[in-house]
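Chain by chain, the residues run as shown.
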Amino acid sequence: MQAYTTLLFHRQYLSAKVMLIETDSLTFASPESELLRWDETGTTNWVGKGEDTDHNYYTSKTYGPTDPMSKDLWVNVDQMDKDKVKIHGILSNTHRQAARVNLSFDFPFYGHFLRDLTVATGGFIYTGDVVHRMLTATQYIAPLMANFDPSVSRNSTVIYFDNGTALVVQWDHVHLQDNYNLGSFTFQATLHSDGRIVFAYKEIPMEVAQISSVNHPVKVGLSDAFVVVHRIQQIPNVRRRTIYEYHRVELTKTKITNSTAVEMMPLPTCLQFTSCDSCISSQINFNCSWCHLLHRCSSGFDRHRQDWVDNSCPDETKAKSCDIISTTQLDPFITTLVAKTTGQSRSRGETTTAGASSSTSRPPTSVPTEGKTTNISMPKESAAERKDTHPLHTGLILGILVVLLIMAAAVLVTVYIYHHPTSAASLFFIERRPSRWPAMKFRRGSGHPAYAEVEPVGQEKEGFIESEQC
């Protein structure tokens, strides 16, 4: 498995075991990884034409060439509104390139709502938000991932169309770079606002299972992952990043031929529940738990896993209860105040009773006892109030002093960095200043071809960007 180096991103992640030890380095967990025992791969064999196949997160149906649904699921882009159909000039004339596409709707993918995607020339859509050199490892929607090179033919184009409820991406008459003479491929992926995903195939000139994966992975299906990070205590400012693929849908390649289609319907996930009661009482394929601190329902394995673990949600969810307020969890100050108020009420009650009793014909021996209680309790109460007020003023003064010290330290550090630009502290902040945070652009590593994003988000331009060396 190749290792993929990330760009510098201002993000926080979980701890993980990885092989690389570089600044902001990234690697992918192998299938043998101990942590990947969480993974439910969803790998399956097709049962037959049009039959449901359960992949835990999705169910899928495949339709053969003679099935009318295959034609119905194909979107004829030529009949769509020409103002909304975009032929991407750069992707249609380059190899191993990727471009960001903004959606006009929220697209649910594995329960997460996405608003932008990355379309690649290699017959797939990248759905991740962590940028790295290779996009083919995980977090993809792949109708047919292979080594396609639109630059080898003038007829090859990458087209996309967004009508507000669906995004259609079509790879039209694209050729394999290492097998141009085999013919052109035409296929598309349609992403619906309800989470439904359709793969439709018009021209497949050869068996997909026979496509070479030497220079490029060949995949058909879906994948999602979460990213974790571990800070190395022995080496400052060095982090290990790992992408863990927690689920994959692998479709059978032998079923992909001319005029076929695959329709995938999303299944319920824990993320859709917005209250504790509905979360813990849910009857779906996952063991859902509610985290009160995050106000989120989760199985513990999704793109938010870092927050889930950092906020100790696994420990909180062991109780499987929605009751979080108890007398032992009350703030100590509030508890003391309640007890004090209760004591004062009781003392005042006793005083009133004593006064009333003195005017009645009670035995004389009881009057001095009650009077004694009244005379002693009042001074003590006043003293307690005075003692409680003093620490509050002291704490306020200490808080102000701490804030002033922090501000003074910040000023001194700024002055020091300004006059010592080569110091370790100065270099630390220079490397992390906003102007050094690069845009979404992928780099080529030596010896390993990689996807390079060729445009800023939401823009299209005719031209190419020279990829930087890692």
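Every chain begins its residue count from 1, and numbering advances along the sequence as written. For a predicted model such as this one, the threshold for reporting local features is a pLDDT of at least 70, and the threshold for listing and counting side-chain atom pairs is 80 or more; totals across whole chains, interfaces and linings nevertheless cover every residue. Excluded from the side-chain calculation are hydrogens and water; included are all heavy atoms of the structure.

(A) Main features of the overall build of the protein chain. Numbering of helices and strands starts at the N terminus; helices are DSSP runs of H or I of at least 4 residues and strands are runs of E of at least 2. What the protein chain contains, in helices and strands, is seven helices and 19 strands. Burial here depends on accessible area, computed with a 1.4 Å probe over protein chains only, as a share of the maximum for the residue type. Under 20% is buried, over 50% is exposed, and the range in between is partly exposed. Split into buried and exposed, the 470 residues of the protein chain put 43% on the buried side. The criterion used for residue contact is that any of the two residues' heavy atoms lie within 4.5 Å. A sequence separation of at least 24 residues applies to 64% of the contacts in the protein chain between residues at least 6 apart. Values of accessible area rely on a 1.4 Å probe in the Shrake-Rupley scheme; residue burial ignores everything except the protein chains shown. For the protein chain, the exposed surface amounts to about 25,600 Å²; the carbon and sulfur share of it is 55%.

(B) The packing of aromatic side chains, seen in detail. Any two rings among Phe, Tyr and Trp, with Trp reduced to its six-membered ring, count as a pair given centres within 6.5 Å; such a pair is stacked if its planes are under 30 degrees apart, edge-to-face if over 60, and tilted if neither. Per the stated rule, a full pass over the model turns up 13 aromatic pairs. Ring centres of tryptophan 171 and phenylalanine 187 lie 5.3 Å apart, and the angle between their planes is 20°; this geometry places the pair in the stacked category. Residue tryptophan 171 is located in strand 11 (residues 166-174), and its partner phenylalanine 187 is located in strand 12 (residues 185-192); the two are separated by 16 residues in the primary sequence. You'll find tryptophan 171 and phenylalanine 187 in the same group, each marked buried. Three or more aromatic residues joined by ring pairs make a cluster, and in this case those are Tyr57, Tyr58, Phe107, Phe109, Tyr110, Phe226, Tyr244, Tyr246 and Phe286.

(C) Focus on the state of the cysteines. Note that a disulfide, as used here, is simply two cysteine sulfur atoms within 2.5 Å. For the structure shown, the criterion picks out four disulfides. With a sulfur-sulfur separation of 2.0 Å, cysteine 276 is cross-linked through a disulfide to cysteine 322. In this structure, the disulfide formed by cysteine 276 and cysteine 322 twists by about -95° around the S-S bond and is classed as left-handed. Of this pair, cysteine 276 sits in helix 2 (residues 276-280) while cysteine 322 sits in the loop between helix 4 (313-316) and helix 5 (332-358), and the two are 46 residues apart along the sequence. Paired through a disulfide, cysteine 291 and cysteine 313 show a sulfur-sulfur distance of 2.0 Å. Because the torsion about its S-S bond is -60°, the bridge between cysteine 291 and cysteine 313 counts as left-handed. Highlighted residues: cysteine 291 in strand 17 (residues 289-291) and cysteine 313 in helix 4, separated in sequence by 22 residues. With relative accessibility at 0%, the residue cysteine 291 sits in the buried group. The class of cysteine 313 is buried, set by a relative accessible area of 0%.

(D) Seen up close, a nonpolar patch on the surface. Any residue with relative accessible area above 30% and no salt bridge may belong to a patch, with like charges joined within 9 Å and the nonpolar Val, Leu, Ile, Met, Phe, Trp and Tyr side chains within 5 Å. Within this document, salt bridges are pairs made up of a side-chain nitrogen of Lys or Arg and a carboxyl oxygen of Asp or Glu, the two lying within 4 Å of each other. Where nonpolar side chains cluster on the molecular surface, the patch consists of Leu396, Ile397, Leu398, Ile400, Leu401, Val403, Leu404 and Met407 and spans about 790 Å² of accessible area. Inspection of the secondary structure puts valine 403 in helix 6 (residues 366-419).

(E) Broad picture of the sheet that holds strand 13 (residues 197-203). In spatial order, the strands read 3-4-16-13-12-11-10-5; together these eight strands make up an open sheet with antiparallel pairing. Both outer strands of the open sheet, strand 3 (53-54) and strand 5 (85-87), are each paired with one neighbouring strand and no more. Two strands are said to pair when DSSP picks up at least two bridges between them.

(F) Examining unusual backbone geometry more closely. Phi is positive for asparagine 56, close to 75°, though the residue is something other than glycine. By the element assignment, asparagine 56 lies in the loop between strand 3 and strand 4 (58-63). In this structure, serine 259 takes a positive phi of about 60° despite not being glycine. Relative to the helices and strands, serine 259 is located in the loop between strand 15 (239-250) and strand 16 (260-266).

(G) The pairing of strand 7 (residues 112-120), seen in detail. Pairing of strand 6 (residues 97-109) with strand 7 involves eight bridges; the strand directions are antiparallel. In the sheet register, valine 101 faces strand 7, and the bridge partner there is leucine 117. Hairpin connection between strand 6 and strand 7: a loop of two residues separates the two successive antiparallel strands, and tyrosine 110 in this loop has a positive phi of roughly 55°. By the bridge criterion, three bridges tie strand 7 to strand 8 (residues 124-126) in an arrangement that is antiparallel. For alanine 120, the partnering residue across the bridge sits in strand 8 and is phenylalanine 124. Counted along the chain from strand 7 to the antiparallel partner strand 8, the turn is three residues long, and its residue glycine 123 has a positive phi close to 80°.

(H) Here's a closer look at the pattern of salt bridges. A full pass over the atoms with the stated rule returns six salt bridges. With its nearest N and O atoms 2.7 Å apart, the salt bridge here joins arginine 303 to aspartate 224. One end of the pair, arginine 303, is in the loop between strand 18 (296-298) and helix 3 (305-310); the other, aspartate 224, is in strand 14 (residues 219-231), with 79 residues separating them in the sequence. Taken as a pair, arginine 303 and aspartate 224 share a single burial class, namely buried. Here the salt bridges do not stand alone but share partners, grouping Glu245, Arg248 and Glu250 into one network.

(I) Looking closely at the nonpolar core. Residue types Ala, Val, Leu, Ile, Met, Phe, Trp, Tyr and Cys, when buried and joined through side-chain atoms within 4.5 Å, form a set referred to as a nonpolar core. Leu144, Phe185, Ile197, Phe199 and Leu222 are the most contacted members of the largest nonpolar core, which has 56 residues in total. In terms of residue count, strand 6 provides more of this core than any other element does, six residues in total. Counting residues in each nonpolar core, the second largest holds nine residues, with Ala120, Tyr126, Leu135 and Tyr451 among its members.

(J) Spatial organisation of the confidence of the model for the protein chain. Looking at the protein chain, pLDDT values average 74 and 63% of them are 70 or higher. For every residue, the predictor assigns a confidence score, pLDDT, that lies between 0 and 100. Below a pLDDT of 50 lies the segment residues 325-387, which in the model reaches 17 contacts outside its immediate sequence neighbourhood of four places, other chains included.

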